Amino acid sequence: MVSRCPRWEALDVLKAAPDGPVAFSADLSPASLLAAYHAGVYPFPASDEYTRALNEVVFADQVQEGRIPLVGEEPADPFAVSWWSPDPRPVLPVSAAHLSRSLARRLRNGLSWSTSLDQEFERVVRECRGDRVPLWLTEELIATLLHLHELGHAHSVEVWEDGNLVGGVFGLRIGSVFSMDSMFFQRPGASKVAVSDLAARFAQAGGELLDAQRDSPHVRDLGGIPMPREQYVRCLRRTARDSLPMPTATLPARRLAEPAGSR
């Protein structure tokens, strides 16, 4: 029998499979997206009809058996958006985020980059979208992210070189956890500088954890570690909702190559 959760708050993500979708729901509204992130879940919209149909072919039986629930009451096709919560979850404690020795040396030796917060949120999102395949950053999801940015929930860090945007990262803040949706670079190391800068700014605002969502060697190079999903969800549930704003000043990136105590 199909299992349906009226709201993300009712989803027991801890019972879900560790390496597949934990739910289907076509609702990408700002309220739905924010509630899903609070529950430890992020979306992966189908980029085209083929991908949507593939979701149905592969997962319809599990949906019919109630193993993968449908969330919400909307009449839209739920297979248009799958929702994920990997176990374990790749995370970066802000105190452990670091740059490689070679990149830190490049910054100390005069690489003239600077960083900023929330100056070009939409540009960062669209650079992250680029021509990537699959194209999960759909126009509908981008519109929702822009709305959440206006409300102060979604943020971006930009990396600049002589006035040109060369790297960045964006995501949603859930109290003392920041879930990073995507990053990009146009110069080697620029996305890593963006994440390191985000960790530094987030730490100053009382943040504790950067969530990388999907594991990769790139994440491990930055200091990422696997965290059991149950532990990650506990972090979300205890996180402070009323937290300090992150510093917004444009700053020299070379400060990220200095010892933590001297920044």
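In what follows, the structure referred to is the one given above.
Figured I'd write up the structure that's included with this text. All of these numbers come straight from a predicted model, not from anything done at the bench.

Before going further, it helps to examine helix 6 (residues 190–204). The end-to-end C-alpha distance of helix 6 is 21 Å, a good match for the 21 Å that 15 residues give at a rise of 1.5 Å each. The element helix 6 is largely enclosed, with a buried count of 12 among its 15 residues. Where helix 6 is concerned, the buried positions are Ala-190, Ser-191, Val-193, Ala-194, Val-195, Ser-196, Asp-197, Leu-198, Ala-199, Ala-200, Arg-201 and Phe-202. Downstream of helix 6 by one or two residues, Gly-206 has phi in the positive range, about 90°.

Okay, the pattern of salt bridges next. If you walk through the whole model with that rule in mind, you get 15 salt bridges. Glu-139 is paired through a salt bridge with Arg-129; the nearest N and O atoms lie 2.8 Å apart. Here Glu-139, found in helix 5 (residues 139–150), pairs with Arg-129, found in helix 4 (residues 121–129); they are 10 residues apart in sequence, far enough to count as distant. Arg-129 gets classed as buried once you look at its relative accessible area, which sits at 18%. Close ionic contact of Arg-234 with Glu-230 constitutes a salt bridge, the shortest N to O distance being 3.8 Å. Here Glu-230 and Arg-234 lie together in helix 8 (residues 229–238), a separation of 4 residues that amounts to about one turn. Assessed through its relative accessible area of 47%, Glu-230 is described here as partly exposed. Beyond isolated ion pairs, a larger network of salt bridges with shared partners links Glu-49, Arg-52, Glu-56 and Asp-77.

This part is about the sheet that holds strand 11 (residues 209–211). Within a sheet, each strand pairs with its neighbour through backbone hydrogen bonds, oriented either parallel or antiparallel. Taken in spatial order, the 8 strands of this open sheet run 12-6-11-10-9-8-7-13, and their pairing is mixed. Each edge of the open sheet is held by one strand with a lone partner, namely strand 12 (225–227) and strand 13 (251–252). In terms of strand pairing, strand 9 (residues 164–174) meets strand 10 (residues 177–185) through 8 bridges, oriented antiparallel. Note that in strand 10 the partner of Gly-168 across the bridge is Phe-184.

Procedures and definitions
- Residues numbered from 1 in each chain as written.
- Predicted model: local features only at pLDDT ≥ 70, side-chain atom pairs only at ≥ 80, totals over all residues.
- Heavy atoms only, no water.
- Helix = DSSP H or I, 4+ residues; strand = E, 2+ residues; numbered from the N terminus.
- Expected span 1.5 Å × (residues − 1).
- Buried < 20%, exposed > 50% of the residue type's maximum accessible area, 1.4 Å probe, protein only.
- Salt bridge = Lys/Arg side-chain N within 4 Å of Asp/Glu carboxyl O.
- Pairing = 2+ DSSP bridges.

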